[in-house]
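Close look at the chain arrangement
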Amino acid sequence: MPNNIHVSAIVSPNAVLGANVEVGPFTVIHDGVKIGDDSVVGSHCELGCPSRLAGSDTLVFGSNTLIRSHSVFYVGSKFGDGLVTGHRVTVREDTVGGEGLQIGTLCDIQGHCEFGEYVKMQSNVFIGKKSKIGDYVWIFPYVVLTNDPHPPSEVLIGCVVEDYAAIATKSVVLPGVRIGKGALVGAMTLVKEDVPQDTICVGVPGSNVGPTDRIRHSVTKEKCYPWRRHFRRGYPNEIVEEWEKEFPS
Amino acid sequence: MPNNIHVSAIVSPNAVLGANVEVGPFTVIHDGVKIGDDSVVGSHCELGCPSRLAGSDTLVFGSNTLIRSHSVFYVGSKFGDGLVTGHRVTVREDTVGGEGLQIGTLCDIQGHCEFGEYVKMQSNVFIGKKSKIGDYVWIFPYVVLTNDPHPPSEVLIGCVVEDYAAIATKSVVLPGVRIGKGALVGAMTLVKEDVPQDTICVGVPGSNVGPTDRIRHSVTKEKCYPWRRHFRRGYPNEIVEEWEKEFPS
Amino acid sequence: MPNNIHVSAIVSPNAVLGANVEVGPFTVIHDGVKIGDDSVVGSHCELGCPSRLAGSDTLVFGSNTLIRSHSVFYVGSKFGDGLVTGHRVTVREDTVGGEGLQIGTLCDIQGHCEFGEYVKMQSNVFIGKKSKIGDYVWIFPYVVLTNDPHPPSEVLIGCVVEDYAAIATKSVVLPGVRIGKGALVGAMTLVKEDVPQDTICVGVPGSNVGPTDRIRHSVTKEKCYPWRRHFRRGYPNEIVEEWEKEFPS
């Protein structure tokens, strides 16, 4: 299918757009941007901002990408298929994102960080440089991942968030902390120490209050974590099938 | 008076603009948008974003509406007269707002929620889906109203904020919590339980520290709450007269 | 050198641009804006929004200014040379900023406030009206400086942040509080009382946990504060030389 570039959009002749790509009004796409097939870029975006800090001059999106309005991406980053963003996201240089990444409205990704597959960030999440996020992670609104142990300094130690972990709204993760696989950080928690796999951390400062499997689902009254026991919307069929085998209902 | 649409704005012929409506540069107004008389839409906005999630194909604003620059509204919502927004607000589908609603800069309204009359939100407030806000409520910067008791899940239980309540900066209200009429939530509070009418909740986790009427005004030394005792700027005359009768000076 | 105004930008003939100024696509520059030499204004900005609340009809930027995309500045403010902003900053009326001011992505400066020289704010900082910030101050992501002691009210008492102080991520400073020279506020702290010079305040509510000089640098193991002992990137040579004399290595 032919592309559908709004007449007011400014698309560099050195950008490479796949088949069936839609670009909204007043959007600017610079040199070195590559967008896969069947993608949509909303209005008022700027993609491929040049930067001397970037490791490359390219910015690569897979197929089935949806970038909502007023978003800004710098060069140097690369994303798998199915990236979905909210409005007004900022993604700086050298970010690597796996398939199915979701970046919510107003998220601020500082660059030089990695996201695994099907990571979902809701609104207004701040990811400091050098953060490393695994697969199937959830990060809820206004969470901040930091990296400087004694600000301001030249020392940057990113956080690590392992697969299936969930960090609830307004929490802050201090530099270098590791959130274990399947762990749950409660709302408004200040995470100062590593959180072991499948445990719950809550409070200011955060403390370990036991295993996640003691939490019961408010409707079914069954064990609620690991959350893939009951929440499977928006994941590919083959992943859902795996989870169904792991936790048969 | 004639309308004043900037030459660079893109306004659908299927949008209906009242008399004396101003639309700023680089703003996009889609099908189904209706704006009442004497209104202003700033630059770089997008109004009426189409959505399959919306309950209708229309987006309706009353008269005397002021939408500041870079704001985004989806279809499905309806607002009374006198809506005022800051810059870069996001308002998703099926939001219902009463007269005199104020939505501060960077607010993120997730949709499927209700606001009464003269609700005032300052900057960067996040309202989760299914929230219900009464009349004359104040919500201060970076407050988050949540809805998922065990994230991620399919269970969404919105918060309820009753008339005249005030929620101070950076507080988080957990799913399904009810903030009572005239209650005060202090800054950086994690509200886990219902807050009774005219009481104060502070802390992480929040606890009840007594009635609001023990707080004295820093200048007049008189009782400070209910705040309508002393704060009446920006409300219509007939409301102010009512409050003057209730609390004669 | 000639100026480089993108053909789609809308620049008032009553704006005064110095030599070698670049203005990006879809940016609007109103009457009364003055921009010094060798400056860059990104795409989708709006500079010089008119306002009846402003003390003047002008908005003045020094030379070597960099304003990133989607930013909004009202009239009435004045900045020294070398202002750098992130994306989507909002700066309201009557803000005064010294040389080398840095305003991070999504910052929301409410106006009627003052910043000294080389103040650095990272992303998403909220500065309430009447705040007064000294020189060489650092304010980290999502910090909020408040001003209303019993919201909502007509009483606005701004915070004061003295030279060299650092306020870590997610902290809230309550109205009228003074953060002393060189003080350190830890992450997610609710600062309710004045913080003495060169001391550390942490917790909700914040409490004094001793002098800053007890903190050791994670790599060098030397005293870490005052931070100008070891962090000097981005400051002018003459300032760095002063700091080298003060803390010889």
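First things first, this report covers the structure right here in the doc. Worth saying up front: this structure is predicted, and the values here are computed from it rather than measured.

Residues and elements named next belong to chain B. Taken together, the 10 strands give an open sheet; going across it, the order is β2-β5-β8-β11-β14-β17-β20-β23-β26-β29, and neighbouring strands pair in parallel fashion. The sheet is open, and its two borders are formed by β2 (10–11) and β29 (190–191), each paired with just one other strand. Here strand β17 (residues 108–109) pairs with strand β20 (residues 126–127) via two bridges, running parallel. If you follow Asp108 over to β20, its bridge partner there is Phe126.

Among the surface-exposed residues, A:Asp81, A:Glu99, A:Glu117, A:Glu238, A:Glu241 and A:Glu242 lie close enough to one another that they form a single negatively charged patch. Summarising the element assignment, A:Glu241 is placed in helix α1 (residues 237–246).

All names here are of chain C. Overall, parallel pairing links the 10 strands, which are arranged β2-β5-β8-β11-β14-β17-β20-β23-β26-β29 in an open sheet. The open sheet is flanked by β2 (10–11) and β29 (190–191), the only strands paired with a single partner. Taken together, the two bridges between β2 and strand β5 (residues 28–29) define a ladder with parallel strand orientation. Bridge assignment links Ile10 to a residue of β5, and that residue is Val28.

Glancing now at the relation of the copies chain A and chain B. Aligned on chain B, chain A shows an RMSD of 0.0 Å; the corresponding rotation is 120° and the shift along the axis is 0.0 Å. Here the copies are linked by what is in effect a three-fold axis.

Here we come to the interface of chain A and chain B. At the interface, 36 residues of chain A touch 41 residues of chain B. For the pair chain A and chain B, the two sides together bury roughly 2700 Å², of which 65% comes from carbon and sulfur. Contact with chain B buries surface across chain A, with A:Arg88, A:Tyr142 and A:Met188 losing the most and accounting together for 22% of the total. On inspection of chain A and its partner chain B, the count reaches one salt bridge. At the junction of chain A with chain B, the criterion picks out 17 residue pairs in polar contact (both at pLDDT 80 or more).

Let us look at the side chain of C:Ser12. Residues and elements named next belong to chain C. Following the sequence through the fold, Ser12 ends up in the loop between β2 and β3 (16–17). Overall, Ser12 belongs to the buried group, its relative accessible area being 11%. Engagement of the side chain of Ser12 in a polar contact is seen with the backbone nitrogen of Asn14, the distance being 2.8 Å. A distance of 2.5 Å separates the side chain of Ser12 from the side chain of Asp31, its partner in a polar contact. Each residue touching Ser12, except ones within four places of it in the same chain, is listed here: Ile29, His30 and Asp31.

Residue and element names in this part refer to chain B. Scanning the entire structure with this criterion turns up 18 salt bridges over all chains. The shortest N-O distance in the salt bridge between Glu93 and Arg92 comes to 3.0 Å. The residues Glu93 and Arg92 share a single accessibility class, namely buried.

Parameters and conventions
- Per chain, residues are indexed from 1 in the order of the written sequence.
- Written order decides the labels, with chains lettered from A and ligands numbered from 1.
- Local features in a predicted model are, by the rule used here, given only for residues with pLDDT of at least 70; side-chain atom pairs are given and counted only at 80 or more, and totals for whole chains, interfaces and linings are based on all residues.
- The basis for every side-chain value is the complete set of heavy atoms in the structure, and neither hydrogens nor water enter the calculation.
- When DSSP finds two or more bridges between two strands, those strands count as paired.
- Where helices and strands are cited, they refer to DSSP runs of H or I of at least four residues and of E of at least two residues respectively, numbered from the N terminus.
- Patch membership needs two things, relative accessible area over 30% and no salt bridge, and members are linked within 9 Å if like-charged or within 5 Å if nonpolar (Val, Leu, Ile, Met, Phe, Trp, Tyr).
- Each accessible area is a Shrake-Rupley estimate made with a 1.4 Å probe; only the visible protein chains count as cover when residues are assessed.
- Each reported salt bridge corresponds to a side-chain nitrogen of Lys or Arg within 4 Å of a carboxyl oxygen of Asp or Glu.
- Under the counting rule used here, the positive set is Lys and Arg, the negative set is Asp and Glu, and His together with the chain ends is not counted.
- One atom stands in for each charge, and that atom is NZ of Lys, CZ of Arg, CG of Asp or CD of Glu.
- Only residues with pLDDT of at least 70 in both copies count here: their C-alpha atoms drive the least-squares fit that superposes the copies.
- Only heavy atoms enter the contact rule, under which two residues are in contact if any of them lie within 4.5 Å.
- The buried area of a pairing is the accessible area, by a 1.4 Å probe, that goes missing from both parts when the two are put together, added over both.
- We call two N or O atoms a polar contact when they sit within 3.5 Å, provided that within protein one can donate a hydrogen and the other can accept it, with sequence-adjacent residues counted only if both atoms are side-chain atoms.
- Accessibility here uses a 1.4 Å probe with only protein chains present; expressed as a share of the type maximum, an area under 20% marks a residue as buried, one over 50% as exposed, and anything in between as partly exposed.

Keep in mind these values describe shape, not function.
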